[in-house]
Amino acid sequence: MSEGAAKKEERRKFQAIRGTRDLLPPETALWNHVEQTANQVFATFGFGAIRVPIFEPTELFARSIGLDTDVVSKEMYTFEDYEATELVELRTAVVTNVASLATGEALIDFLDRVGNFILAAEKAFEAGRIPKTPENERTLQMARELTANLQAFGYQGEREILPRVAELKDAVRQVRFGDVISLRPEATASVCRAYIEHGMQQLPQPVKLYYIGPMFRRERPQRGRYRQFYQIGAEVLGGSDAPAIDAEVIEMVMTFFDRLELHGVQLDINSIGCRECRPKYVELLRAELLKVKDKLGPDSQRRIRTNPLRVLDSKLESEQGTIATLPRITDHLCEACATHYAAVKRQLEMRGVFFRENWRLVRGLDYYMRTTFEITAQGLGSQNAVCGGGRYDGLVELLGGPPTKGIGFAIGEDRLILSLQESRKAPAQPGRDVYIAWMGERAHATAIRAAKDLRKAGFSVELPPVEQKFGKALGQADKLGAKHALILGDNEVSEGLWTLKTLADGSQLKLPAPALIEHLRKSKAGSS
């Protein structure tokens, strides 16, 4: 590397990875406001906060979200977590071997590399340094048998041995060095795993939990959608599937949005039936879709076979007229589901929660059932959903737990913030309550004591680390949005009377130190 290139490399600026971003003041004041409001509102409904790990076994998400979904197959950040690092080098020497196998000596060298890997892997397996699973045991045995077969086959020309070499390399690749884990793409599965792991079914039911935190999906970044994004969600697990539970969960999230003064909020609800009635509806829907298949696009045609319910999600303008003629699931609910849905609507009305029925609002995975809902807000364009939720009575059981009722929701916090910003409901960046303008060594000691007392009383205080001329200090106080400047010089210290300047109108008054905090409290109460 040339000297110029080296210097350029040294000067290279690091930037946030595509699809991620830094959240900075003053915007973080809005994030804090939203999350504090969630803490306050959810607590009034009896929910407790849960904090789950950022990464989990990949299998947890494969089971809960669905192995064939885009989230699991394409979007998760997945990696192998292992301690046997020496095996990586040995495996790499095998699978990346691209040397010509034109001679018998080259084949012997390759088989020696394979043998070194197998020997080290088997020792690690016995010591428990790689997973002692039946899959690993079978894979290592297969690799040893393929090696023996290739040795017995001998060198018969490069063309003859290459397929056998490729098969052996593939077996070596399949040895797992550790657990396959993924950054969480959502949190419901983690909450359900925690419910099972900690025996929370023994607690008074239902267990009501909420979470706030980052999630990760490798999808194309766009406005309001990031690869590291944030969710606020809640889950109710255990107890019954009483319609009042569904209604209260919806009431809680609507109360949260109302407290934030979110504009253009629209709640859509639907029932997607149960294991008894939904499969019958799906088959009816598939049959009707086959009749109009030629009027649908390639994606919808594919979904007729894989998941007919997803056709109802189509946003293609050319398909809307056709979809409007399809049978509606609410017309095909069993008696129990129809009764449940009617009761949920009645409970929402009793709580004063306004809703719109949307028969196209569905969920594709089998464990979802009955109540499903979505909340949209203004300022987000066509992708205007800010919250989605529903009942998932089969999920805990699917993850290895006891049969458990469940319902929950997840709010896209990034989109919620964007909507609040678009509707100008973002709170103003809070400035300092007091800026202490001090001059002189005696005043510095007094300023430190004043700052400590004011902060203890709950006021935000800016204490400059070096003395400033009063004009410069007042200018800095103004830039920081301070409401008051506390002026401390030798005279103030000697007299025991501190000068407090209100920056909005320039008024000043002198106060003895004990009266300062009480005056600021009254001033703050009067302006709030």
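This is a predicted model, so every value here is computed, not measured.

A. Seen up close, the overall build of the protein. When you go through the protein residue by residue, the secondary structure sums to 20 helices and 16 strands. In terms of C-alpha radius of gyration, the protein reaches 32 Å, well past the compact-globule figure of 24 Å for 528 residues. Projected onto its principal axes, the C-alpha coordinates of the protein cover approximately 100 × 75 × 50 Å. Put simply, the protein has 528 residues, and 44% of those count as buried. Taking all contacts inside the protein whose residues are at least 6 apart in sequence as the whole, residues at least 24 apart take part in 72%. Per element, the accessible surface of the protein, about 28000 Å² overall, is 51% carbon and sulfur. Once the 72 positive and 70 negative side-chain charges of the protein are each reduced to a mean point, those two points are 4 Å apart.

B. Looking closely at the environment of Ser271. Relative to the helices and strands, Ser271 resides in strand 7 (residues 266–271). Spatially, the C-alpha atom of Ser271 lies 8.3 Å from that of Leu333, the residues being 62 residues apart in sequence. Filtering out sequence-adjacent residues up to four positions away, Ser271 remains in contact with Ile329, Thr330, Leu333, Cys337, Tyr341 and Arg370. Looking at Ser271, its side chain comes within polar contact range of the main-chain nitrogen of Gly273, at 3.4 Å.

C. Up close: the sheet that holds strand 13 (residues 461–462). Spatial strand order, 13-12-14-15-16: five strands in an open sheet with mixed pairing. Only two strands of the sheet have a single neighbouring strand rather than two, namely strand 13 and strand 16 (508–512). The sheet contact formed by strand 12 (residues 434–438) and strand 13 spans two bridges and is parallel. Its bridge partner lying in strand 13, Val434 is registered against Val461.

D. Looking closely at the sheet that holds strand 7. Taken in spatial order, the eight strands of this open sheet run 1-5-6-11-10-9-7-8, and their pairing is mixed. Looking at strand neighbours, the two that pair on one side only are strand 1 (48–49) and strand 8 (356–357), the edges of this open sheet. Packed on one face of the sheet, helix 16 (residues 413–422) meets strand 5 (207–216), strand 6 (228–237), strand 10 (385–391) and strand 11 (406–412) and runs near 50° to strand 11.

E. Layout of the pattern of salt bridges. Throughout the structure, instances matching the rule amount to 26 salt bridges. Here Arg113 and Asp109 are joined by a salt bridge, their closest N and O atoms 3.4 Å apart. With Arg113 and Asp109 both in helix 6 (residues 104–126), this residue pair falls four residues apart, about one helical turn. Among the ionic pairs, Asp433 bridges to Lys483, the shortest N-O distance being 3.6 Å. Taken together, the residues Asp433 in the loop between helix 16 and strand 12 and Lys483 in the loop between helix 18 (470–479) and strand 14 (484–488) connect sequence positions 50 residues apart. Look at Asp433 and you get buried, because its relative accessible area is 6%. What emerges from the salt-bridge pattern is a single network uniting Asp241, Asp246, Arg370, Arg391, Asp393 and Lys405.

Conventions we followed
- Residues numbered from 1 in each chain as written.
- Predicted model: local features only at pLDDT ≥ 70, side-chain atom pairs only at ≥ 80, totals over all residues.
- Heavy atoms only, no water.
- Helix = DSSP H or I, 4+ residues; strand = E, 2+ residues; numbered from the N terminus.
- Rg over C-alpha atoms; globule rule 2.2 N^0.38 Å.
- Buried < 20%, exposed > 50% of the residue type's maximum accessible area, 1.4 Å probe, protein only.
- Contact = heavy atoms within 4.5 Å.
- Areas by Shrake-Rupley, 256 points an atom, 1.4 Å probe, with all protein chains shown as cover.
- Lys, Arg positive; Asp, Glu negative; His and termini not counted.
- Charge placed at Lys NZ, Arg CZ, Asp CG, Glu CD.
- Polar contact = N/O pair within 3.5 Å; in protein donor to acceptor, adjacent residues only side chain to side chain.
- Pairing = 2+ DSSP bridges.
- Axes fitted to C-alpha atoms, helices over the stretch in contact; angles between N-to-C directions.
- Salt bridge = Lys/Arg side-chain N within 4 Å of Asp/Glu carboxyl O.

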